[in-house]
Amino acid sequence: MAQTFSTIQLTGLSCASCVGRAERAIASVPGVDSANVNLADGTARVAPAAADLGDIAEALRSAGYPAETRVETFEVEGMSCASCTGRVERALAAVSGVIAARVNLATNAAEVEWLAGATTPEEIARAAEEAGYPTALRVRGDLSTEHEDRATKETRTLLRQTIIAAVLTLPVFLLEMGGHLVPGFRDTLDATFGRQTLWIVQFALVTLILAWPGRRFITKGVPALLRAAPDMNSLVALGTLAAWGYSTVATFAPSILPPGSVAVYFEAAAVIVTLILTGRYLEARSKGRTGAAIRSLIALRPGTARVERQGKTLDIPVADVVRGDMIIVRPGERIAADGEVTSGRSFVDEAMLTGEPLPVEKLAGVRVTGGTVNGTGALTFRATAVGEDTVLAGIVRMVQDAQGAKLPIQAAVDRVVRWFVPAVLGIAVLTVVAWLTFGPDPALGLALVAGVSVLIIACPCAMGLATPTSVMVGTGRAAELGVLFRRGDALQRLQEVRTIVFDKTGTLTEGRPELTDLSVGEGFEENDVLRLVASVEAMSEHPIAEAIVRAAELRGLDLSGVRGFESITGLGARATVDGRTVLVGASRLMQRDGIATTAMDRAAAAIGAGGRTPLFVAIDGSLAATIGVADPVKSSASDTVSKLKGRGLRVALVTGDARATADAIAQELGIDLVTAEVMPDGKVAAIEQFREQGPVAFVGDGINDAPALAAADIGVAMGTGTDVAIETADVVLMRGDPAGVLRAVDVSQRTMRNIRQNLFWAFAYNTALIPVAAGVLWPLTGMLLSPMLAAGAMALSSVFVLSNALRLTRVQTGSAKATPKRHSASIVPEPAE
């Protein structure tokens, strides 16, 4: 028999020795018979195909040649309960090359990660379809409403089927149950039409119900049962078909049944279908509401754009806009794409994306963001990002990814649900056997009622919806509050955090410092020193550099060209200006270069004690001046720190700033834990120390914060910060406001509380009512739980879970109060940061 192979795409291969190391790494994995790596196309051919590709991927990563992976989202149809999601996950995970598969019942989607080259999206979709769930690849970042349209269509279909089922069920219910409500009603009907005729009418109506609106349960449930993979549809199909089948025999062949057990339960089958369809409809409508945040974001993009092409002005669909198009925005219109203004002047309302209430002025050379609203002026801008490359598409993608994520708490639920449906089937069988063995006459009818009730009431819909619906609503509400969870599991991990560590510049402070002090040494002239320093700092993009350059410009000083500019990370900068060597930065930089600062240490200490940042300037190896810079504290910083501490969280400040300055800021904001004068790797070390007392969240915005954001249990980046920081973080605060940390913590805690409530009631409901449905109360009360009541209770359990999750849409977080801006804050003395 020929051996099968798997093909894996590798990265990092550059030579023959790389090929050998990669092959040895693959061959070291147990179960691998052979490995052939091709340097030309960067692939590895591994035999046999059944070898554990997850272990192979890990071995390659450790060897330095990581396998290329893809992550995509698939739309999955036909899922109805938690057992469905588990079945789809197992089918997807069984595909050779798939590393991980996470299925979300609330979004009807599956996120799959696989090794590039080992399989294809078509093969992955086929695996789910073979398990009974039609699947198709979703386009990532797509701002179309196709998914919403499908959801709306499904909701309308369910409503129509529910109405049909209800209309057909009503006469059946009245015929069978009217006698319990109106004395003499049944006797009158029997005398007028004959009981056999009435049963035949019920048979016809219920058969029509099962063949029409109830067909979805049978066509999905029976095949799943035959595959030995029962789901909720299987339970409903078994229950309704059992009630219908027994009643059909009683109607047309009563002699087959034991004496005293001839009775019909057509109304039970009809009402079960109607109630469960009603529950499904309410679920679909509620699930539609959980996606409101995504719809509101998508709605921000206008449908058309006015574009200048070849001297003509055209109104075209936004989907047809390409990078480089010149787009005209009239007053009051939404901006169609990201771009850079080329002409015009206006104020743009960016509140829908950033939450900032004040419009932002836009002039030539300033960037604009798609989805924001133009004010009273007219603008022309060049499109720099369109389609899924825009900021808006990125935000939609982040929210979709977070909503589709599977939280760690879901893993325990999945383990229970995997065996839940088979266990229910077993309990139903035992229930029927017990009633047939020990029950009073008519034992067969009582056994049927109890067995059907167990099947219906135990459907695990609520279990499957408990977590994903809360995640969808919670992350959606967070997005509306300006908090984007880039990784869904961050929603759970954030509420476990015990210490929140803040960077300072641009995080707790405005990040726009101003020069406040300039003291020169003997033999130096103030304007000359400032001109030289500003010339050097003009090469840097750090806020401290901008402050010094602005001060020089205000004095009307002409800057000179520089040679040999060197950015010294975490310390400062060096360059040659007009033939003179200029060194500017922290005291540590001076010490490193052997420049004594004794003569100006007192002046620097006074600057630091006042909450300002002291810097030193050396020219041609001689200490020339001290500089003081202040950066205003953000208005909400103090109240944010106070409220975080009020929740029992430890709040810390980690900065590269001078100790005196950091202490002054910490005292002003009420922060007790301070680590100052650290390089970027020092921030990571500080986080490791804080982690000894529990999980740590780090809040920052700069390039030098990226290592700390990655090292923390939860990285929180200011959306106004650098792309590097944002890409490294787990959570992004769109407003650049420290109060966003409070919002994020609020949403995390409330969402997790909501999930625990849902799970408790979902499990408590099943645990409590299965014994009741089986007849445990019969000896005491002489009553059995009706299958109709079981169906109603099951439907209501799912509606309860969804309604409870939707309460998160009303979350109003404890936003920090704004306080007057102060200018005693400082900036990190890292001009080259």
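Residues numbered from 1 in each chain as written. Predicted model: local features only at pLDDT ≥ 70, side-chain atom pairs only at ≥ 80, totals over all residues. Heavy atoms only, no water.

A. Quick look at the overall build of the chain. What the chain contains, in helices and strands, is 29 helices and 29 strands. For the C-alpha atoms alone, the extent of the chain along its principal axes is close to 120 × 65 × 65 Å. Residues classed as buried in the chain amount to 55% of the 833 residues present. Partitioning the contacts of the chain with sequence separation of at least 6, the portion at a separation of at least 24 is 71%. A total of about 34,300 Å² of accessible surface is found on the chain, and carbon and sulfur atoms cover 57% of it. (Helix = DSSP H or I, 4+ residues; strand = E, 2+ residues; numbered from the N terminus. Buried < 20%, exposed > 50% of the residue type's maximum accessible area, 1.4 Å probe, protein only. Contact = heavy atoms within 4.5 Å. Areas by Shrake-Rupley, 256 points an atom, 1.4 Å probe, with all protein chains shown as cover.)

B. Up close: the UniProt feature "transmembrane region" (unreviewed entry) in the chain. Per the UniProt record, "transmembrane region" (unreviewed entry) is found at residues 158–177, 197–214, 235–257, 263–282, 416–438, 444–467, 759–778 and 784–802. This span, residues 158–177, is 100% helix and 0% strand, and a straight line between its end C-alpha atoms measures 26 Å. From the first C-alpha to the last, residues 235–257 spans 24 Å; its make-up is 78% helix and 0% strand. (UniProt positions renumbered as here; feature names shortened; annotations may be inferred.)

C. Fine view of the sheet that holds strand 4 (residues 69–76). Ordered in space as 5-6-4-7, the four strands form an open sheet in which the pairing is antiparallel. Each of the sheet's edge strands pairs with one partner strand only, and the pair in question is strand 5 (98–104) and strand 7 (135–137). Ignoring which end each strand starts from, the neighbouring axes of this sheet average 25 degrees apart. When strand 5 meets strand 6 (residues 109–115), the two strands line up antiparallel, connected through six bridges. The residue bridging Ala100 from the neighbouring strand is Glu113, located in strand 6. (Pairing = 2+ DSSP bridges. Axes fitted to C-alpha atoms, helices over the stretch in contact; angles between N-to-C directions.)

D. Expanded view of a nonpolar patch on the surface. Together, Leu159, Ile163 and Val167 make up a nonpolar patch on the protein surface, roughly 260 Å² of accessible area in all. Inspection of the secondary structure puts Ile163 in helix 5 (residues 146–181). A residue is classified by how much of its surface remains accessible, and Ile163, at 48% relative accessible area, is partly exposed. (Patch = residues over 30% accessible without salt bridge, like charges linked within 9 Å, V, L, I, M, F, W, Y side chains within 5 Å. Salt bridge = Lys/Arg side-chain N within 4 Å of Asp/Glu carboxyl O.)

E. Geometry of the packing of helix 8 (residues 215–226) against helix 9 (residues 232–252). Remark: helix 8 packs on helix 9, axes separated minimally by 7 Å, with the N-to-C direction vectors making an angle of 110 degrees. Looking at the two axes, helix 8 sits roughly perpendicular to helix 9. Of helix 9, the residues touching helix 8 (which contributes Arg216, Phe217, Ile218, Lys220, Gly221, Val222, Ala224 and Leu225) are Asn233, Ser234, Val236, Ala237, Leu238 and Leu241. Split by residue class, the contact of helix 8 with helix 9 holds nine nonpolar, three polar and two charged. (Parallel < 35°, antiparallel > 145°, perpendicular 65-115°, else oblique. Nonpolar A, V, L, I, M, F, W, Y, C, P; charged D, E, K, R; others polar.)

F. Layout of the side chain of Glu350. Turning to its location among the elements, Glu350 is positioned in the loop between strand 12 (346–349) and helix 12 (351–354). Using a relative accessible area of 13% as the deciding quantity, one classes Glu350 as buried. Within the structure, Glu350 has its side chain in polar contact with the side chain of Lys362 (distance 2.9 Å). (Polar contact = N/O pair within 3.5 Å; in protein donor to acceptor, adjacent residues only side chain to side chain.)

G. Broad picture of the environment of Gly561. Checked against the element boundaries, Gly561 lands in the loop between helix 19 (543–554) and strand 20 (562–568). A relative accessible area of 59% means that Gly561 is categorised as exposed. Between the C-alpha atoms of Gly561 and Val536, which are 25 residues apart in sequence, the distance is 8.4 Å. The residues touching Gly561, leaving out its near neighbours within four places in the chain, are Thr576, Val577 and Asp578.

H. Structural context of the nonpolar core. Among the nonpolar cores identified, the biggest contains 135 residues, and Leu92, Val112, Ile276, Phe485, Ile500, Leu644 and Val731 are the most heavily contacted of them. With 13 residues, the top contributor of residues to this core is helix 27 (residues 739–774). What Val112 contacts, discounting residues up to four positions off in sequence, is Arg70, Val71, Glu72, Phe74, Leu92, Val98, Ala100, Ala101 and Ile124. The next biggest cluster of nonpolar side chains, apart from the first, holds 24 residues, and it includes Leu518, Val529, Val617 and Ala624. (Core = buried A, V, L, I, M, F, W, Y, C linked by side-chain atoms within 4.5 Å.)

I. View of the pattern of salt bridges. For the structure shown, the criterion picks out 31 salt bridges. Among the ionic pairs, Arg659 bridges to Asp663, the shortest N-O distance being 3.2 Å. Placement of the pair is Arg659 and Asp663 together in helix 23 (residues 659–669), with a separation of four residues, close to one helical turn. Classification of Asp663 as partly exposed rests on a relative accessible area of 33%.

J. Local environment of unusual backbone geometry. That bond from Asp441 to Pro442 is cis: its omega, -5 degrees, falls within 30 degrees of zero. Within the secondary structure, Pro442 sits in the loop between helix 14 (408–438) and helix 15 (443–457). The phi torsion at Asp620 lies on the positive side, around 55 degrees, for a residue other than glycine. Secondary-structure assignment places Asp620 in the loop between strand 23 (613–619) and strand 24 (622–630). Classification of Asp620 by relative accessible area gives partly exposed; the value is 46%. Its identity is not glycine, yet Glu677 carries a phi of approximately 55 degrees, on the positive side. Checked against the element boundaries, Glu677 lands in the loop between strand 26 (673–675) and helix 24 (680–690). With a relative accessible area of 39%, Glu677 lands in the partly exposed category.

K. Representation of helix 15 in the model. Across its 15 residues, helix 15 extends 21 Å between first and last C-alpha, which sits within 8% of the 21 Å expected from 1.5 Å per residue. The element helix 15 is largely enclosed, with a buried count of 14 among its 15 residues. (Expected span 1.5 Å × (residues − 1).)

L. Inspection of the pairing of strand 18 (residues 499–502) at higher detail. Residues Thr499 and Val501 point to one face of strand 18 and Ile500 and Phe502 to the other, with burial holding for every one of them. Sheet analysis places strand 18 next to strand 25 (residues 650–654), joined by four bridges and oriented parallel. Opposite Val501, over in strand 25, you have Ala652 as the bridge partner. The pairing of strand 18 with strand 27 (residues 696–700) spans four bridges and is classified as parallel.

M. Fine view of the UniProt feature "domain: HMA" (unreviewed entry) in the chain. UniProt's feature table lists "domain: HMA" (unreviewed entry) at residues 4–68 and 70–136, given in the numbering used throughout. The span residues 70–136 is 33% helical and 34% strand by assignment, and the distance between its end C-alpha atoms comes to 16 Å.

N. Structural context of the environment of Trp435. Take Trp435: it is sitting in helix 14. A relative accessible area of 8% means that Trp435 is categorised as buried. For the pair Trp435 and Gln410, spaced 25 residues apart in sequence, the C-alpha to C-alpha distance is 36 Å.

O. Looking closely at the packing of aromatic side chains. All told, the structure shown has eight aromatic pairs when counted by the stated rule. With 6.2 Å between their ring centres and 65 degrees between their planes, Phe203 and Phe266 make a pair best called edge-to-face. One end of the pair, Phe203, is in helix 7 (residues 195–211); the other, Phe266, is in helix 10 (residues 266–290), with 63 residues separating them in the sequence. Judged by centre distance (5.8 Å) and plane angle (55 degrees), the rings of Tyr246 and Tyr265 are tilted. (Phe/Tyr/Trp six-rings, centres within 6.5 Å; stacked < 30°, edge-to-face > 60°.)

P. The packing of helix 16 (residues 461–480) against helix 29 (residues 787–806), seen in detail. Interaxial distance between helix 16 and helix 29 falls to 8 Å at its minimum, and their mutual angle equals 15 degrees. Classed by the angle they form, the pair helix 16 and helix 29 counts as roughly parallel. Read as a crossing pair, helix 16 and helix 29 show a hand that is right-handed. Here helix 16 contributes Cys461, Ala462, Leu465, Ala466, Thr469, Ser470 and Val473 to the contact with helix 29, which in turn contributes Met794, Ser797, Ser798, Val801, Leu802, Ala805 and Leu806. Looking at the contact of helix 16 with helix 29 residue by residue, the class counts come to 10 nonpolar, four polar and no charged. (Left-handed = near helix turned anticlockwise from the far one by under 90°.)

Q. The arrangement of the sheet that holds strand 3 (residues 43–47) in detail. Across the sheet, which stays open at both edges, the three strands sit in the order 1-3-2 with antiparallel pairing between neighbours. Every interior strand has two partners, whereas the edge strands, strand 1 (6–9) and strand 2 (34–38), have only one. Strand-to-strand twist of the sheet, defined as the mean angle between neighbouring strand axes without regard to direction, takes the value 20 degrees. Lying over the sheet, helix 1 (residues 16–27) contacts strand 2 and strand 3, oriented at roughly 155 degrees with respect to strand 2.

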